[in-house]
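What follows is each chain in one-letter form.
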Amino acid sequence: MKSMTEEYQSVNEELQSSNEELETSKEEMQSVNEELQTINGELHGKNDLLMQVNNDLQNLLDSTQIATIFLNDDLRIRNFTPAAMEVFSLRDSDRGRPITDIVSLLSYDKLREDVRNVQRTLGVIEHELDLKDESATYIMRMRPYRTMANVISGVVITFSNITEQKRHHEHLQVLMKELQHRTNNLFTVIQAMARQTAKSSATFAKFEAQFGARIQGLSHSNTLLLQEDWKGASLDKLIEIQLAPFVGTDTMRVETVGPPVTLAAAAVQTLGLALHELATNASKYGALSVPGGRVVLNWSFGNESSAPESFRMEWREQGGPAVKPSTRKGFGRFVTDQMVTRALNATVKTDFAPEGLRWTLQMPASEARGRADS
């Protein structure tokens, strides 16, 4: 009996010891569970952060206007921006496909070669490329794809659309050439003015006054052209600006009759000089040299038989002193006769009628009309 009691006691002690071990294990399990909950919470936080980063990255890719393609070492597509669809026939399902299997809209056949060069040199390659239909131009830049561990794992290709910039540059080049041409012509006119004015000037003071006035007249014409972006200018405005220094505010001394005309740029400069010389002569010897004198300008377009359309303009002076024909031919006659004839493919007639000078110009309508009238 005593032996059995001892055995029961021993078993009870073992059970009690096992119970204590279980309690300890339970506490350890509870501690592990708490740690797992903490780790799980951290993982959830990092997963949310990763999802946010992925969302930001996707929105960045979707919103960028630069066509970008990410390739791995095997030239397989990792990712691309929506704008890349403008240069390659890409779909969402093409991720993972070799870029060489995708139809390119570019005139570009050196992709493999350029990728090998970038991977070998770790440099950047840049080309200017056109679409096959020449509707757009891109600057392609290819650079190594670097992982966060600074390992090269493919390439990144960007395509920047420079179509508008290229067109603007080409337009600027055309404008620069046109400006150079016009500047050369302007210098030629000024040289001729200087030579002819010097020949007819007895003193330097007279040369300075006459040459300065002619330069001012030429400047008025150019100012008018600049205001219209050098596309031409209104004949009414040209007459007004050239005759203003001679008639002032008394606009009744000048009468204009004719349809609205936008003159070509070359015609504006040449006719501007001619009008200035005619007004200068009228203010010295003609209708504008006396209070009651006036000038009538009329112009029109018309056809003569089967000839191309022509433009005719007449300067007629009234109410001035009796006109006496002059045998002297200075710069004014050079402009109104020779320069106008050569520059505008025109015919000119000067009539020294006693009642007033009459100057008539006839030229092809195509030489007179600017862009707005074409």
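Model, not experiment: these values are computed from the prediction.

Helix and strand counts for the protein come out as eight helices and 12 strands. Within the protein, the proportion of its 374 residues that are buried is 35%. Within the protein, contacts between residues at least 6 apart in sequence are counted, and of these 55% link residues at least 24 apart. About 23,100 Å² of surface is accessible on the protein, with carbon and sulfur atoms providing 53% of the total.

Pairing in this open sheet of five strands is mixed, and the strands run E7-E9-E10-E12-E11 from one edge to the other. Edge positions in the sheet fall to strand E7 (254–257) and strand E11 (347–353), since each of these pairs with one other strand and no more. Between one strand axis and the next, the sheet turns by 10° as a mean value, whatever way the strands run. Sheet topology places E7 next to strand E9 (residues 294–302); four bridges connect them, and they run parallel. Bridge pairing in E9 places Val257 opposite Asn298. Those strands touched by helix H6 (residues 265–284) are E9, strand E10 (310–318) and strand E12 (356–364), and its axis lies near 15° from that of E10.

Attention now goes to H6. The end-to-end C-alpha distance of H6 is 29 Å, a good match for the 28 Å that 20 residues give at a rise of 1.5 Å each. Burial of H6 is extensive: 16 of the 20 residues sit out of reach of the surface.

A separate point is a negative patch on the surface. Taken together, the side chains of Glu20, Glu21, Glu23, Glu27 and Glu28 make up a negatively charged region of the molecular surface. Relative accessible area serves as the criterion here: at 40%, Glu23 is assigned to the partly exposed category.

Another aspect to go through is the nonpolar core. Membership of the largest hydrophobic core comes to 41 residues, with the highest contact counts inside it found for Leu235, Leu263, Leu297, Met313, Trp315 and Trp359. Secondary-structure elements contributing two or more residues to this core are helix H4 (204–227), helix H5 (235–247), H6, E9, E10, helix H7 (331–344) and E12. Ranked by the residues each element gives to this core, the list is headed by H6, at 10 residues. For Trp315, the contacting residues outside a window of four places in its chain are Leu243, Leu275, Leu278, Ala279, Ala282, Val295, Val296, Leu297, Leu357, Arg358 and Trp359. Ranked by size, the runner-up nonpolar core spans 28 residues in total, among them Leu71, Ala84, Phe88 and Phe159.

What follows deals with the pattern of salt bridges. Within this structure, the stated rule accounts for nine salt bridges. Glu128 is the salt-bridge partner of Lys166, the closest N and O atoms lying 3.2 Å from each other. A residue pair is termed long-range when its members are at least 10 positions apart, and Lys166 in helix H3 (residues 163–200) and Glu128 in strand E3 (residues 125–130) qualify at 38 residues. In this structure, Arg316 engages Glu314 in a salt bridge whose closest nitrogen and oxygen atoms are separated by 2.7 Å.

Moving on: the packing of aromatic side chains. Considering all chains together, one arrives at three aromatic pairs under this definition. When the ring of Phe70 is compared with that of Tyr145, the centres are 6.3 Å apart and the planes differ by 90°; the resulting orientation is edge-to-face. With a gap of 75 residues between them, Phe70 in strand E1 (residues 67–71) and Tyr145 in strand E4 (residues 137–146) connect regions that are remote in the sequence. Judged by relative accessible area, which is 24%, Tyr145 ranks as partly exposed. Over the face of the ring belonging to Tyr145 we find Arg78, whose NZ or CZ atom lies 4.4 Å from the ring centre. Seen from the ring of Phe80, Arg95 lies directly overhead, with NZ or CZ sitting 4.4 Å from the centre.

Take the pairing of E3 next. Pairing of E3 with E4 involves six bridges; the strand directions are antiparallel. The residue bridging Glu128 from the neighbouring strand is Ile139, located in E4. What sits between E3 and E4 in their antiparallel hairpin is a turn of six residues, with Glu134 showing a positive phi close to 60°.

So, about the sheet that holds strand E2 (residues 77–80). Pairing within the open sheet is antiparallel, and its five strands lie in the order E2-E1-E5-E4-E3. Of all the strands in the sheet, the pair left with one neighbour each is E2 and E3. Geometrically, the sheet is characterised by an average inter-axis angle of 20° between neighbouring strands, direction not taken into account. In the sheet, E4 pairs with strand E5 (residues 152–161) via eight bridges, with the strands oriented antiparallel. Following the sheet pairing, Arg143 is matched in E5 by Val156. Those strands touched by helix H2 (residues 111–121) are E3, E4 and E5, and its axis lies near 40° from that of E4.

Here is what the cut-offs are and how they apply
- Here the residue numbers are simple positions, counted from 1 along each chain's written sequence.
- This being a predicted model, a pLDDT of at least 70 is required before a residue's local features are given, and a value of 80 or more before pairs of side-chain atoms are given or counted; all residues contribute to the totals for chains, interfaces and linings.
- To get the side-chain values, take all heavy atoms of the structure and skip hydrogens and water.
- Helix and strand labels come from DSSP, where a helix needs a run of H or I of at least four residues and a strand needs a run of E of at least two; each type is numbered from the N terminus.
- Exposed residues in this analysis have more than 50% of their type's maximum accessible area, buried residues have under 20%, and partly exposed residues fall in between, with area computed by a 1.4 Å probe over protein chains only.
- Here, two residues are considered to be in contact whenever any of their heavy atoms come within 4.5 Å of each other.
- Note on areas: Shrake-Rupley with a 1.4 Å probe; residue coverage comes only from the protein chains shown.
- Two strands are counted as paired when DSSP detects at least two bridges linking them.
- Axis definition: a line fit to C-alpha positions, over the contact stretch in the case of helices; interaxial angles, taken between N-to-C directions, run 0 to 180 degrees.
- Helices are assigned an expected span. That span is 1.5 Å times one less than the residue count.
- Like charges within 9 Å and nonpolar side chains (Val, Leu, Ile, Met, Phe, Trp, Tyr) within 5 Å are joined into patches, using only residues over 30% in relative accessible area that form no salt bridge.
- A carboxyl oxygen of Asp or Glu within 4 Å of a side-chain nitrogen of Lys or Arg is what we treat as a salt bridge.
- For the charge count, each Lys or Arg is scored as positive and each Asp or Glu as negative, with His and the chain ends excluded.
- Working definition for charges: the position is that of NZ of Lys, CZ of Arg, CG of Asp or CD of Glu.
- Throughout, nonpolar core names a set of buried Ala, Val, Leu, Ile, Met, Phe, Trp, Tyr and Cys residues whose side chains join them through atoms within 4.5 Å.
- Aromatic rings from Phe, Tyr and Trp, taking only the six-membered ring of Trp, are treated as a pair when their centres fall within 6.5 Å; an angle between ring planes under 30 degrees marks them as stacked, one over 60 as edge-to-face, and anything in between as tilted.
- For a Lys NZ or an Arg CZ to count as sitting over a ring, it must be within 6 Å of the ring centre and within 35 degrees of the ring normal.

This is a description of form; function is not addressed.
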